[in-house]
Amino acid sequence: MADAKVLSGAGLRGQVAGQTALCTVGKSGTGLTYCGYDISELADKVQFEEVAYLLAHGELPNQAQLQAYKARLKGLRGLPQALKDVLERIPADAHPMDVLRTGCSMLGNLEPERSFADADHAIERMLAVFPSVLLYWYRFSHDGVRINTETNDDSIGAHFLHMLHDQAPSQLHSEVMNTSLILYAEHEFNASTFTARVCASTLSDIHSCVTGAIGSLRGPLHGGANEAAMELIEAMQSADHAEQTLMGMLARKDKIMGFGHAIYKEFDPRNDVIKKWSKKLAEEYGDSRLYDVSVRCEEVMWREKKLFPNADFFHASAYHFMGIPTKLFTPIFVMSRVTGWTAHVKEQRANNRIIRPSADYTGPEPRPVPALSER
Ligand code: COA
C-alpha cells in the first residue's frame, strides 16, 4: 500500500489544475504578474483600487472608470442593521478570520447573488464592506463603541486604518496599506483560491465561494503565517537573540513561519517591496529591534536552509509599526485577496467543468460487513 507522504502528487504540487488569464507565479519578470503587469511595477505605480478593477475586468481603468469605481465602492461601505446585530453577538476572543467568515456568509443571506449577472455588484460590495465588517466587530467587542463605517477616505487602505485608529491615517501609512493590498491581491491557484474555484465549479453562489476561501486562508501554512511571524519576532529581544532562537528551532526541525514557498524556490518577489516599506516604517516608528531582528532571521534562514522570506514575513513588522493588532493581519489579506478569489470565480464560471479529481485508494481490500455481535 502506498505511503501518502511519498505520493508524487502530494499537495497537487507541480500539477496543472486548470487555466487562468489572471496571474503568473514564478514565471516571467520578477516572478509575479497580474493580467500581464509585473507586481513590482504595479506596486510602484498604481492604487489598489486599480488592481481590483484590473482583476475584475481584465484591464486597468481609465481616469473616468477609476473615479466611478471608487465612488461606487465608497457608497458600499455601510453595514445593514441585521449584519451589525450579528457582529455585536460575536465575542471579543473570537478570531477575526472567523468574524469575516461569518460576516461574508451573513451578507450572502441578506444580499444574495440572485444570478451570475449580479456577480460584479456582489464583488464590489464585498470589497467595500469587508473592512467595515471587521472593524465594526473589532471596535464594538474591544472598545465598546459602534463606529461609523461610512468614512469619506479615498482608499480602502485608508478607510481601514481610519476605522481602527479613529483618525485619518498619514500619507505614509496610506501608501503602505495601498502597496500591501496590491501585493496580496492575487496569486494564481493557491489553496484559498483553489477552494473558491472548486466551490464555483459546482455553480454555487459567490458568497459561498468566498466564505470557503476565507476558511482556507485562515490556516498558518497559508494566510495565517503573517500572524505567526509576528509572534515569532516579537519574542526576540535582539538580532543575536534571533540568531540563537532560530538555530534552536532549526535544530528541532520547527517550521519558521513566513519563510519558504510552495512555488517560488529562490525568492518571493513581494518580499523586496514590503521589506523596503517595513524599513521606512521602522525609521518613522523609532524601532531599533523588530526590523533588525527580521533582517537577521532572513540572513540565518538563507545561510542555514536556503529559505527566503515570503510576502508574510516583513508584513508582520510593517503592520505592527502602523499600530495594527496582530490578530487583524490575516483579515487584511482577505480584504485584498477577495479581488483575486472573485476574479477566479468569474473565470471558472465562464468556462466551467465541475472540479472532481480522483484519489489513489490506500484503504483495506474489499471485505464483508461482519454482524454487530462479531465486531
Ligand atoms: N521552516 C523550516 N523548514 C521549512 C520551511 C520553513 N518555513 N519551509 C520549508 N521547509 C522545509 C520543509 O520542511 C522541507 O524539508 P524536508 O525536505 O526536510 O521535509 C523543505 O524545506 C522543502 O519544503 P518545500 O517542499 O519547499 O515546502 P512545501 O512546498 O511543502 O511548503 C510552505 C511550502 C509555504 C507551506 C512551507 O514553506 C511552509 O510551511 N512555510 C511556513 C508557512 C508560511 O510562511 N506560509 C505562507 C506561504 S506564502
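Rules and cut-offs
- Residues numbered from 1 in each chain as written.
- Predicted model: local features only at pLDDT ≥ 70, side-chain atom pairs only at ≥ 80, totals over all residues.
- Heavy atoms only, no water.
- Near = heavy atom within 4 Å.
- Polar contact = N/O pair within 3.5 Å; in protein donor to acceptor, adjacent residues only side chain to side chain.
- Nonpolar A, V, L, I, M, F, W, Y, C, P; charged D, E, K, R; others polar.
- Pairing = 2+ DSSP bridges.
- Helix = DSSP H or I, 4+ residues; strand = E, 2+ residues; numbered from the N terminus.
- Contact = heavy atoms within 4.5 Å.
- 1 Å grid on protein atoms, 1.4 Å probe; cavity = no way out; pocket = protein on both sides within 12 Å on 5 of 7 lines; lining within 4 Å.
- Points joined across faces, edges and corners; volume = space filled by probe spheres on them.
- Core = buried A, V, L, I, M, F, W, Y, C linked by side-chain atoms within 4.5 Å.
- Buried < 20%, exposed > 50% of the residue type's maximum accessible area, 1.4 Å probe, protein only.

Draft legend 1. Examining the site of the ligand more closely. Within the structure, the ligand sits among 18 residues, and K255, I256, G258, F259 and N310 are positioned closest to it. K265 is positioned such that a nitrogen or oxygen atom in its side chain is 3.4 Å from an oxygen atom of the ligand. Of the residues contributing to the shell around the ligand, the split by class is eight nonpolar, five polar and five charged.

Draft legend 2. Summary view of the sheet that holds strand β1 (residues 23-25). If you walk across this open sheet you meet the three strands as β1-β2-β3, and the pairing is antiparallel. In this open sheet, the two edge strands, each paired with only one partner strand, are β1 and β3 (37-38). Across two bridges, strand β2 (residues 32-34) lies against β3 in antiparallel orientation. The residue of β3 that forms the bridge with Y34 is Y37.

Draft legend 3. Structural detail: the side chain of S174. With respect to the element layout, S174 can be found in helix α8 (residues 171-184). Not counting chain neighbours up to four residues away, the residues in contact with S174 comprise A158 and P169.

Draft legend 4. Geometry of empty space enclosed by the protein. Taken as a whole, this structure holds two cavities of 30 Å³ or more when the rule is applied. In this structure, the largest cavity encloses a volume near 50 Å³. What lines the largest cavity is simply A52, A56, Y69, I123, L127, T339, T342, A343 and K346. Taken together, the elements giving at least two residues each to the lining of the largest cavity come down to α2 (48-57), α6 (119-143) and α16 (329-350). Residue contributions to the lining of the largest cavity peak at four residues, all from α16. For the lining of the largest cavity, a count of residues per class yields six nonpolar, two polar and one charged. Approximately 40 Å³ is the volume attributed to the second largest cavity. Together, E49, K70, L73, K74, R77, D154, S155 and I156 line the second largest cavity.

Draft legend 5. Inspection of the nonpolar core at higher detail. By size, the foremost hydrophobic cluster in this structure holds 110 residues, and its most contacted members are Y34, F130, F160 and I324. If one sorts the elements of this core by residue count, α6 sits on top with 14 residues. Among all residues touching I324, those that are not within four sequence positions of it are F160, L161, L164, M177, Y319, F329 and I332.

Draft legend 6. Fine view of the environment of T362. Positionally, T362 belongs in the segment after α16. The exposure class assigned to T362 is partly exposed, which follows from its relative accessible area of 37%. Sequence spacing of T362 and T211 is 151 residues, and the spatial spacing of their C-alpha atoms is 31 Å.

Draft legend 7. Highlighting the environment of T24. Counting through the fold element by element, T24 comes out in strand β1. Look at T24 and you get partly exposed, because its relative accessible area is 22%. In the structure, T24 is positioned 164 residues away from E188 in sequence and 6.5 Å away in space, judged by C-alpha atoms. Every residue in contact with T24, bar those within four places of it in the chain, is listed here: G31, L32 and T33. Of note is the side chain of T24, whose polar atom sits 2.5 Å from the side chain of T33.

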